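Each chain, written out:
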Amino acid sequence: MPITLLWAVDVYGRVYSLTTASGHWQRTDDKLLELKRVSAGRGRSWGVGCDHHVYLNLMPSETNIRFREETYENQRWNPVEGFTDVLLPTDRWPWSDVMGGWEYAVDFPANFSPEKKWNSCVRRRRWIRYRRYTAQGSWAKIPLDQPQKAPLPLCDISCGGWEMSDQSGRYPCLWGVSQQGQVWFREGIQPRVPEGVSWEEVEVPKEVAQVSAGPGDLLWALLWDGNLMVRTGLTLDSPKGSSWVDVETPCKEVEALHVAVGVGVVWVVTKDFKVWFRRGVNSHNPCGSGLGSAIVGEMMMVDVGLHDQPGASRTCCSPSPCLHGRCSASRYNTASGVTVYQARGYAVGRDDFGGRLTEASQGLF
């Protein structure tokens, strides 16, 4: 049976995990790590740090992650020194990623050949190296994009899409929201490049406060004004989708506070701390149909785990920082479930929860 892992973050940014194998809350080994958001998927978890950087935690695997990099060394010939890395202002850089043992040509750019001729004024050779991902099992900071445009400080993050409806085992997609309400998509996430390559901005009609991506091709967004939107057109060929569609909030008098997307259900917390769910959500009908209220009591946030199993944390008025789950709520049963239980666990040593929980996310490993 695969091991599931539940991540939790308290108000001080401290990160805890609870596995089905141990049943113990355990604080991360990196005591200096402070996260404000966490999003778990299949085999990996993403987080937004208090320093506004994005972090990736890739679960250990028996297969090493190796990536092949190629670069070209470029040189030009002159009658005094021969071939040298001093190039003309119009030439390419001494090191380049394309077009660069030694290949000779008359000038840049041109057709290169291994044969050196009397008029070979430039040459290049290819350098190959392999780099290995060594940060498995720990939170690794993702470097900023250079020279691409980097996103403004992120306030929310969500991963999903690893179970696209038209292909199983899809590699995950990563979405982010900046403090200015912009939505960003992480490009280039591949088996050999788990951290991705660059951020691409996705246009939105209004400022977004939070996004939630499901395991399939569903993405919902919560706006700063408390309204909701759904991203349509998400496919393998177009993982960023095509357009946004407005969705009515559960209660017209009360604005939405938090949204969580599963496979066939969407959960929403309104600003009066009531929890609502929406049935009939799928790739053909991303907005869903039926609407209902399920959890009794005041909740601050909600997350959807495996088999559409919801979990929530109480408001700051609650005397306990426990997480709560909904029994019998799954894609195979009624979306609302039958009872509420506490997912308390217990901490290892003295690493108890020093503050209220602000974020939780469940993944499969």
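Residues numbered from 1 in each chain as written. Predicted model: local features only at pLDDT ≥ 70, side-chain atom pairs only at ≥ 80, totals over all residues. Heavy atoms only, no water.

So what about the pairing of strand E23 (residues 275-278)? Which residues, and what values?
Residue alternation in E23 divides its side chains into two sets, Val275 and Phe277 and Trp276 and Arg278, and both sets are buried. Across four bridges, strand E22 (residues 266-270) lies against E23 in antiparallel orientation. Looking across to E23, one finds that Val268 is bridged to Trp276. Between E22 and E23, which pair antiparallel and follow one another directly, the connecting turn spans four residues, one of which, Phe273, has a positive phi of 65°. (Buried < 20%, exposed > 50% of the residue type's maximum accessible area, 1.4 Å probe, protein only. Helix = DSSP H or I, 4+ residues; strand = E, 2+ residues; numbered from the N terminus. Pairing = 2+ DSSP bridges.)

Can you tell me about the sheet that holds strand E6 (residues 54-58), naming the residues and giving the values?
Whenever strands of a sheet pair, they do so through backbone hydrogen bonds, lying parallel or antiparallel. In spatial order, the strands read E4-E5-E6-E12; together these four strands make up an open sheet with antiparallel pairing. The two strands at the open ends of the sheet, each matched to only one other strand, are strand E4 (35-40) and strand E12 (139-141). With strand direction ignored, the average angle separating the axes of adjacent strands in the sheet is 25°. In this sheet, strand E5 (residues 44-49) lies alongside E4 in antiparallel orientation, the contact comprising five bridges. (Axes fitted to C-alpha atoms, helices over the stretch in contact; angles between N-to-C directions.)

Any details on unusual backbone geometry? Residues and values, ideally.
Unlike most non-glycine residues, His52 shows phi in positive territory, near 70°. Positionally, His52 belongs in the loop between E5 and E6. Judged by relative accessible area, His52 falls into the partly exposed class, the value being 34%. With a phi close to 65°, Phe273 is a non-glycine residue in the positive phi region. Positionally, Phe273 belongs in the loop between E22 and E23. Given the relative accessible area of 27%, Phe273 is considered partly exposed.

So far we have only geometry, and geometry alone does not tell us how the molecule works.
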